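# Close look at the chain arrangement
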Amino acid sequence: MKKIIDIDSESKGAIKIMAIIAAFLWIATNTCAQAQEKGVSFNVQGDLVSSYIWRGMYQSGAAIQPTLGLSAGGFSLTAWGSVDFTGQGHKEADLTAAYSVKGFTISLADYWWAGQAGSNTSGEKANTDVDGAGRNKYFNFDNRDTKHILEAGLAYTLPVEKFPLSIAWYTMFWGGDKKVNDKGEVKNAYSSYIELNYPFTVKTVDLNATLGASPFKSPGNYYNDGFAVTNVGLKATKAIRFTDNFSLPVFAQAIWSPSREDVHFVFGITLKP
């Protein structure tokens, strides 16, 4: 008698995620092998910010945001996180794989920001949020209730030295980005975000102007019913030099969110070797 193996939906979701990760690891391995002559570089740094704002939306108060990155040729892998200073409110862990060539950058990101809240108590309620879905369950890959979100992105920077404008489009296509359709069915919302960035320098201060918008309805992430401008910002960065071998980059941001009728001012310090 043949034994029938029943694979539940959570296992299927985990298999899909593992397959995607395996594919990008394969790409990373081959890219690194091809880029040996160019070398492999690592990036380790941490930002201290007065508040954490994502695409014009408030996420938490003062936070520390570490970055660990690897790049070889045009390929990069980045692990990024954010934990607020209380240690109990907001915890985020993101993984991004990207490849850049001739001004284009294609990326795949895994967002997870369902951690930490309520973890200072015991029992099942400590791992649930207001809608009853699991918190702090990083390894839940069931598409029905996972808090992971996979997002694909495509960006392009104009090949004009005096006008380095970049435009990017990002779409969430799997995981915790849901909507209820006219039939009452829960489906992927495919929440999207488009952003323009223009870097420039005034004297010795590096500046970057940002304009970002959600092009259509996103009930669960951008909270808009149609096209909405969510992010208008200006960031200024300046390295304070203490010695010939040590400088400390500091930055300040002014961020407006017309769709939410909100404004934010952020100050930050970047620490890196």
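Our structure is the block above this text.
To keep things clear, this report deals only with the structure shown in the data block. (Residues numbered from 1 in each chain as written. Predicted model: local features only at pLDDT ≥ 70, side-chain atom pairs only at ≥ 80, totals over all residues. Heavy atoms only, no water.)

Residue position: Arg 55 is located in the loop between strand E2 (52–54) and strand E3 (57–60). Overall, Arg 55 belongs to the buried group, its relative accessible area being 11%. Of note is the side chain of Arg 55, whose polar atom sits 3.3 Å from the side chain of Tyr 111. Other than its neighbours up to four places away in sequence, Arg 55 contacts Tyr 111, Glu 151, Tyr 170, Tyr 193, Tyr 222, Thr 230 and Asn 231. (Helix = DSSP H or I, 4+ residues; strand = E, 2+ residues; numbered from the N terminus. Buried < 20%, exposed > 50% of the residue type's maximum accessible area, 1.4 Å probe, protein only. Polar contact = N/O pair within 3.5 Å; in protein donor to acceptor, adjacent residues only side chain to side chain. Contact = heavy atoms within 4.5 Å.)

Further remarks concern the pattern of salt bridges. Tallied over the full model, the rule gives two salt bridges. Taking the shortest distance from any N to any O, the salt bridge between Arg 55 and Glu 151 comes out at 3.0 Å. Of this pair, Arg 55 sits in the loop between E2 and E3 while Glu 151 sits in strand E8 (residues 148–157), and the two are 96 residues apart along the sequence. As a salt-bridge pair, Asp 142 and Arg 144 come within 2.6 Å of each other at their nearest N and O atoms. Look at Arg 144 and you get exposed, because its relative accessible area is 63%. (Salt bridge = Lys/Arg side-chain N within 4 Å of Asp/Glu carboxyl O.)

Counting residues in hydrophobic clusters, the biggest one holds nine residues: Tyr 52, Trp 54, Met 57, Ala 109, Tyr 111, Ile 149, Met 172, Tyr 193 and Tyr 222. Breaking this core down by element, the ones donating at least two residues are E2 and strand E7 (104–112). Those residues in contact with Ile 149, other than ones at most four positions away along the chain, are Ala 109, Asp 110, Tyr 111, Trp 113, Met 172, Trp 174, Gly 176, Asp 177 and Asn 221. In this structure, Val 49, Ile 53, Ala 63 and Ile 255 belong to the second largest nonpolar core, which totals six residues. (Core = buried A, V, L, I, M, F, W, Y, C linked by side-chain atoms within 4.5 Å.)

Before going further, it helps to spend a moment on the side chain of Ser 60. Tracing the chain through its elements places Ser 60 in strand E3. Apart from residues no more than four positions distant in its own chain, Ser 60 is found in contact with Ser 51, Tyr 52, Asp 84 and His 90.

With that out of the way, let us pick up the sheet that holds E8. Taken together, twelve strands build a closed barrel; the order of strands is E1-E4-E5-E6-E7-E8-E9-E12-E13-E14-E15-E16 and the barrel is antiparallel. If you compare each strand with its neighbour and ignore which way they point, the axes differ by 20° on average. The pairing of E7 with E8 spans nine bridges and is antiparallel. When the bridges of E8 are listed, Ile 106 appears paired with Leu 154. (Pairing = 2+ DSSP bridges. Axes fitted to C-alpha atoms, helices over the stretch in contact; angles between N-to-C directions.)

Note that all results are geometric; they support no functional claim without further evidence.
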